[in-house]
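So the chains spell out like this:
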Amino acid sequence: MEFKVQDRIEEKELSDTVDAALKQIKEKEYETVLIEKGISKEKIRRYGFAFQGKRVLIRKG
């Protein structure tokens, strides 16, 4: 999971923020530690959370 607060200068829409969160999960290879512990890739879920005040957008990647 990655949580991000929208930066309105760089991200015009909340969907841009959630896309950035999912991109970070891939780039930083968050799943590597889980795979090393024996968890199969098929069981690993990736979620991006984007916040703008009280609004939130959650997307599975």
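Scroll up to find the structure this text is about.
This one's a predicted model, so the numbers in the text were calculated from it and none came from an experiment.

Enquirer: Got a minute to help me understand the packing of aromatic side chains in this structure?
Expert: The geometry of an aromatic ring pair is captured by the separation of the ring centres together with the interplanar angle, meaning the angle of the planes. Applying the stated criterion to the full structure yields two aromatic pairs. With a centroid separation of 6.3 Å and 20° between ring planes, the pair formed by phenylalanine 3 and phenylalanine 51 is classed as stacked. In this pair, phenylalanine 3 is assigned in strand β1 (residues 2–5) and phenylalanine 51 in strand β2 (residues 47–52), connecting sequence segments 48 residues apart. The class of phenylalanine 3 is partly exposed, set by a relative accessible area of 49%. Put simply, the rings of Phe3, Phe49 and Phe51 touch in pairs and so form one group of aromatic residues.

Enquirer: Teacher, can you tell me more about the pattern of salt bridges here?
Expert: In a structure, side chains of opposite charge can pair up when their charged atoms sit close to one another. Under the criterion given, the structure shown has four salt bridges. Linking lysine 23 and glutamate 27 is a salt bridge whose minimum nitrogen-to-oxygen distance equals 3.8 Å. Remark: glutamate 27 and lysine 23 occur in helix α1 (residues 14–27); sequence separation between them is four residues, near one turn of the helix. Glutamate 27 matches lysine 23 in its accessibility class, with the two residues each being exposed. The salt bridge partner of glutamate 31 is lysine 41, with a shortest N-O separation of 3.6 Å. Of the two residues, glutamate 31 is situated in helix α2 (residues 31–36) and lysine 41 in the loop between α2 and β2; the sequence distance between them amounts to ten residues. One connected set of salt bridges, linked through shared partners, spans Glu31, Lys41 and Arg46.

Enquirer: Could you clarify how one ought to interpret the sheet that holds strand β3 (residues 55–60) in this entry?
Expert: Strand pairs in the sheet, formed through backbone hydrogen bonds, run parallel or antiparallel to each other. Taken in spatial order, the three strands of this open sheet run β1-β2-β3, and their pairing is mixed. The sheet is open, and its two edges are formed by β1 and β3, each paired on a single side. Taking the axes of each pair of neighbouring strands and ignoring which way they run, one obtains an average angle of 15° across the sheet. Pairing of β2 with β3, which is carried by six bridges, proceeds in the antiparallel orientation. Residue pairing for β3: phenylalanine 51 is matched across the bridge by valine 56. Along the sheet, α1 contacts β1, β2 and β3; its crossing angle with β2, the most-contacted strand, is approximately 145°.

Calculation rules
Residues numbered from 1 in each chain as written. Predicted model: local features only at pLDDT ≥ 70, side-chain atom pairs only at ≥ 80, totals over all residues. Heavy atoms only, no water. Phe/Tyr/Trp six-rings, centres within 6.5 Å; stacked < 30°, edge-to-face > 60°. Helix = DSSP H or I, 4+ residues; strand = E, 2+ residues; numbered from the N terminus. Buried < 20%, exposed > 50% of the residue type's maximum accessible area, 1.4 Å probe, protein only. Salt bridge = Lys/Arg side-chain N within 4 Å of Asp/Glu carboxyl O. Pairing = 2+ DSSP bridges. Axes fitted to C-alpha atoms, helices over the stretch in contact; angles between N-to-C directions. Contact = heavy atoms within 4.5 Å.

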